[in-house]
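# Coordinate inspection notes
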Amino acid sequence: MHKLFQFICLLIFLSCSEEQSSSSTIKDHADTTAYAAAEERIFDVPVLYKNWELGSHQSTRTVLKMYQAWDGRSVKDMTALLADSVILDLPDGKRRAAARDKMVSGLLQARKDYLSTSNNVLAVFPIHNNDKNEEWVSVLVYNKWTNKDNTRDSMLYQDLWKVKDGKITYLLTLEQAPSRGTIKQLDAMTAKN
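Residues numbered from 1 in each chain as written. Predicted model: local features only at pLDDT ≥ 70, side-chain atom pairs only at ≥ 80, totals over all residues. Heavy atoms only, no water.

### A closer look at the confidence of the model for the chain
In this model, the chain carries a mean pLDDT of 85, and residues with pLDDT of at least 70 account for 78%. By mean pLDDT, the top-scoring element of the chain is strand 2 (residues 82–89) (98), and the lowest-scoring one is helix 1 (residues 2–40) (50). Contacts of residues 17–25 to residues separated by more than four positions or lying in other chains number zero contacts, the stretch itself having pLDDT below 50. (pLDDT = per-residue confidence, 0-100. Helix = DSSP H or I, 4+ residues; strand = E, 2+ residues; numbered from the N terminus. Contact = heavy atoms within 4.5 Å.)

### Quick word on the pattern of salt bridges
Applying the stated criterion to the full structure yields five salt bridges. In this structure, arginine 96 engages aspartate 92 in a salt bridge whose closest nitrogen and oxygen atoms are separated by 3.6 Å. Note on arginine 96: relative accessible area 34%, which makes it partly exposed. A relative accessible area of 46% means that aspartate 92 is categorised as partly exposed. Among the salt bridges present, the one from aspartate 187 reaches lysine 144, with a minimum N-O distance of 3.5 Å. You can see aspartate 187 sitting in helix 5 (residues 180–191) and its partner lysine 144 sitting in strand 5 (residues 134–147), a full 43 residues away along the chain. A residue is classified by how much of its surface remains accessible, and aspartate 187, at 29% relative accessible area, is partly exposed. On the accessibility criterion, lysine 144 (30% relative accessible area) is partly exposed. (Salt bridge = Lys/Arg side-chain N within 4 Å of Asp/Glu carboxyl O. Buried < 20%, exposed > 50% of the residue type's maximum accessible area, 1.4 Å probe, protein only.)

### As for the packing of aromatic side chains
Evaluated as defined, the whole model comprises six aromatic pairs. Aromatic side chains tyrosine 114 and tryptophan 145 sit 6.1 Å apart centroid to centroid with 70° between the ring planes, which places their arrangement in the edge-to-face category. Residue tyrosine 114 is found in strand 4 (residues 114–129), and its partner tryptophan 145 is found in strand 5; the two are separated by 31 residues along the sequence. Exposure remark for tryptophan 145: the relative accessible area of 12% places this residue in the buried category. One aromatic cluster is present, formed by Tyr49, Trp52, Trp136 and Tyr170 through successive ring pairs. Between the NZ or CZ atom of arginine 111 and the centre of the ring of tryptophan 70, over which it lies, the distance is 6.0 Å. For the cation-ring pair, lysine 132 lies above tyrosine 49, with the distance from its terminal atom to the ring centre recorded as 5.6 Å. (Phe/Tyr/Trp six-rings, centres within 6.5 Å; stacked < 30°, edge-to-face > 60°. Lys NZ or Arg CZ within 6 Å of the ring centre and 35° of its normal.)

### What to know about the sheet that holds strand 4
An order of 1-4-5-6-7-2-3 is seen for the seven strands of this open sheet, with the pairing classed as mixed. If you trace the sheet from one side to the other, it starts and ends with strand 1 (52–54) and strand 3 (95–99), each paired once. For this sheet, the mean inter-axis angle between neighbouring strands, taken without regard to orientation, is 30°. In the packing of helix 2 (residues 57–72) onto the sheet, the strands contacted are strand 1, strand 2, strand 4, strand 5, strand 6 (152–164) and strand 7 (167–176), and the crossing angle to strand 4 comes to about 170°. On top of the sheet, helix 4 (residues 100–111) reaches strand 2, strand 3 and strand 4; it is set at about 50° to strand 2, its chief contact. (Pairing = 2+ DSSP bridges. Axes fitted to C-alpha atoms, helices over the stretch in contact; angles between N-to-C directions.)

### Some details on the pairing of strand 3
With five bridges joining them, strand 2 and strand 3 adopt antiparallel strand pairing. Counterpart to aspartate 89 in the pairing with strand 3 is arginine 95. Counted between consecutive antiparallel strands, the loop separating strand 2 from strand 3 contains five residues, among which glycine 93 sits at a positive phi close to 85°.

### What to know about the packing of helix 2 against helix 4
The N-to-C vectors of helix 2 and helix 4 enclose an angle of 50°; their axes lie 9 Å apart at closest approach. Here helix 2 lies oblique to helix 4, going by the angle between them. Taking contact as the criterion, the partners of Met66, Trp70 and Asp71 in helix 2 are, on helix 4, Leu107, Ala110 and Arg111. (Parallel < 35°, antiparallel > 145°, perpendicular 65-115°, else oblique.)

So, in structure tokens, the structure goes:
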């Protein structure tokens, strides 16, 4: 009888342990599901690129050298900075895609329209997207130029550069004409540089 009692106690103990284990599993699954649901609710709308972290400062250097190459009309520098093929999505709604040599030739041809250009970088930060494993550099730049007829103009640009293996592969650029008040403020800010 004593052995039967021990056997019943052992069965009760084992059945209680299994209940705890399965309820623990259910609880763990519920926690994981709740966490996943909370993750999905971080954004109220679908977002293509979600998980970002600070990127490589070497990518920043590459992009800033491109602005210097443009201002200095430097073919050698542009060639060293661009990947084998490059895509540019420009504010005029046109996409330009070409192999490096053809792209550099096109950029230099476009640059001949200006007597001088000056890119004043207001903000720059490298970012790395963990979802797609891509390196990007975001730049806010105040561009001033002098046309061949000596007229001057300026524009504010938000540029998003994609860098792969240390070379520029893509540019998306948006432009905004600054107001007169903003131009005065931008000129004052960039005069200190």
